[in-house]
Amino acid sequence: MAEIIKFKENKINNEKLKKLMDDYDNYYSISNDITKHFLEDDNYEYLENNYKHINKVFNNMDGKYTVYLNRFLDMIYDLYNDFKEDGQKEDFANKQMIILYMYHLYRKLGFKIDELEKRDLSIIISFFMLYIDDNINNLDPILSVMLDKDLKKKLYDLSYNNKKTVQLLSTSFDKYDEDKSTSINYEVRKEIEENLKPNIKVHKPIKLETSEDIYNYLYNNMVVLCGIMINSNNEEQVKKARCWLDELDSVIFKIENSVNKEELISTLKNILLSDSALVKKIEFSFNIIDKCYVTKDKNKLLF
C-alpha cells in the first residue's frame, strides 16, 4: 500500500493547514487508486510531489503571510460546494484532485491566486480536467486569460454557464496550440468576437428529428430567457433558470437512453412546434424527457 503523506517530522502550526492535510490523507487512503487512474503518471507524480513540497513551504511561512495562506485554504474548501457529494470514493477523488490542482495554481501564481474568484477557479479546474491526458504545465496559458480582467469580463458577459465558458476556452486553446504563433488571449478575444456577430441566416424549416436537434432548439430559445431570469432580482426566477440550464446539459443523454427514443422525439417535436408559451414548452419538455429516461449506472466522477 502506498505511503500516506504525513509530516511526522514537523509539527503543523497552522490549524487550517493541519486540517487540510488530515483531510487529504483521508481522501488519499480512500480514493487514491481512482485519482491515479484518471491522471497521467507524469501529471500524478508532479502534482503529488508539488503538494508535499508546498506544504513544507506553508509550514515554514512567516506569520505575516498567514492571512493569505488561510484565504487560500478557504478557497479550496469553498470549491467543494460546486460538486455533488454522497460519500462515495469518486467524491473523495474529486476533492483530492481539487487540492492537487489548487496547489499547482499556487506554484504558478503564488498568493496572486487571491485575485481569482470561485467561478474562475471552477472554470480553470474544469479546463484542466478536460485536458487530463495532456501535460498540465502545457495548459498554463489559460491562466493569462483568467488574470486579464477586461478579457474575463467579456468572456463572462458572453456566457453565464460555466460549461459553455470552458467550451469556448477549449476551442480557443486548441487554435492557439496548433502552432503557437499567436497568444491564447488573442484567440479568446477572436472567439468572443465571432460569438457576438449577428447570426444572419436564410430561414430554414425547423429540424427536430434527433436528440441533438431537440437540444439545439431548447438551447437557442432558452439562452436569452435564462439570461434575463438570472440577472433579475427574483430569487425564484434565478433558481428556475439555473435548474433549466442543469436540465439542458443532460437532454441528449436522457433522450438517447429513453424508453422509446423515436416516440419521445416525435412528442417533443409536437410540443416545441406548438403555439404554447415558451416557458410551458420548456417545462413540459423537461418533464416528458425525465419520465421517459431510463436510469443507468453512470461514472460518478464529476469533472
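All chains use their own residue numbering, which begins from 1 and follows the written sequence. At least 70 in pLDDT is required for a residue's local features to be given in this predicted model, at least 80 for side-chain atom pairs to be given and counted, and no such filter applies to totals for whole chains, interfaces and linings, which use all residues. To obtain the side-chain values, all non-hydrogen atoms of the structure were included, while hydrogens and water were left out.

S.K.: What am I meant to see in unusual backbone geometry here?
M.R.: Among all residues save glycine, negative phi is the norm, and among peptide bonds the norm is trans. In this structure, K180 is a non-glycine residue whose phi angle is positive, near 55°. Here K180 shows up in the loop between α8 (162-179) and α9 (184-196). For helices the rule is a DSSP run of H or I covering at least 4 residues; for strands it is a run of E covering at least 2, with both sets numbered from the N terminus onward.

S.K.: Help me understand the packing of helix α4 (residues 89-109) against helix α5 (residues 118-130) in this model?
M.R.: Packed helices, taken two at a time, are described by their axes: the angle between them and the distance between them. Between α4 and α5, the shortest axis-to-axis distance is 11 Å and the interhelical angle comes to 105°. Between α4 and α5, the angle is such that the two are roughly perpendicular. Contacts from M97, I98, Y101, M102, H104 and L105 of α4 reach α5 at L121, I124, I125, F128 and M129. Just so you know the grouping, Ala, Val, Leu, Ile, Met, Phe, Trp, Tyr, Cys and Pro go in nonpolar, Asp, Glu, Lys and Arg go in charged, and all remaining residues, Gly too, go in polar. Of the residues belonging to the contact of α4 with α5, the class tally is 10 nonpolar, one polar and no charged. Helix axes use the C-alpha atoms of the stretch in contact, all axes being lines fitted to C-alpha atoms, and the angles between their N-to-C directions lie in the range 0 to 180 degrees. The scheme is simple: roughly parallel for angles under 35 degrees, roughly antiparallel for over 145, roughly perpendicular for 65 to 115, oblique for anything else. Whether two residues touch is decided by their heavy atoms; if any such pair falls within 4.5 Å, the residues are in contact.

S.K.: Explain the side chain of N257 to me, please; I cannot follow it from the model alone.
M.R.: Secondary-structure assignment places N257 in the loop between α12 (251-256) and α13 (261-272). For N257, a relative accessible area of 14% corresponds to the buried category. The classification of residues rests on relative accessible area computed with a 1.4 Å probe and restricted to protein chains. Under 20% of the type maximum is buried, over 50% is exposed, and intermediate values are partly exposed.

S.K.: Just to check I follow, could you spell out the environment of K180 for this structure?
M.R.: Judged by its relative accessible area of 49%, K180 is partly exposed. What qualifies as a polar contact is a pair of N or O atoms within 3.5 Å, subject to a donor-acceptor requirement within protein and to the restriction that residues adjacent in sequence count only when both atoms come from side chains. Among the polar contacts listed, one links the side chain of K180 to the side chain of D177, at a separation of 2.6 Å.

S.K.: How should I be thinking about the nonpolar core in this particular structure?
M.R.: A general trend in soluble globular proteins is that nonpolar side chains are found buried together. Ranked by size, the top nonpolar core spans 61 residues in total, and within it F72, Y101, M102 and Y103 carry the most contacts. Counting residues per element, this core draws most heavily on α4, which supplies 11 residues. Those residues within four positions of Y103 in sequence are excluded, and the remaining contacts are L17, L20, N50, Y51, I54, N55, F58, F72, L73 and I76. In terms of nonpolar packing, the next biggest core, distinct from the first, is built from 24 residues, I214, W244, I271 and I288 among them. Among buried residues, the Ala, Val, Leu, Ile, Met, Phe, Trp, Tyr and Cys ones that are joined through side-chain atoms within 4.5 Å form a nonpolar core.

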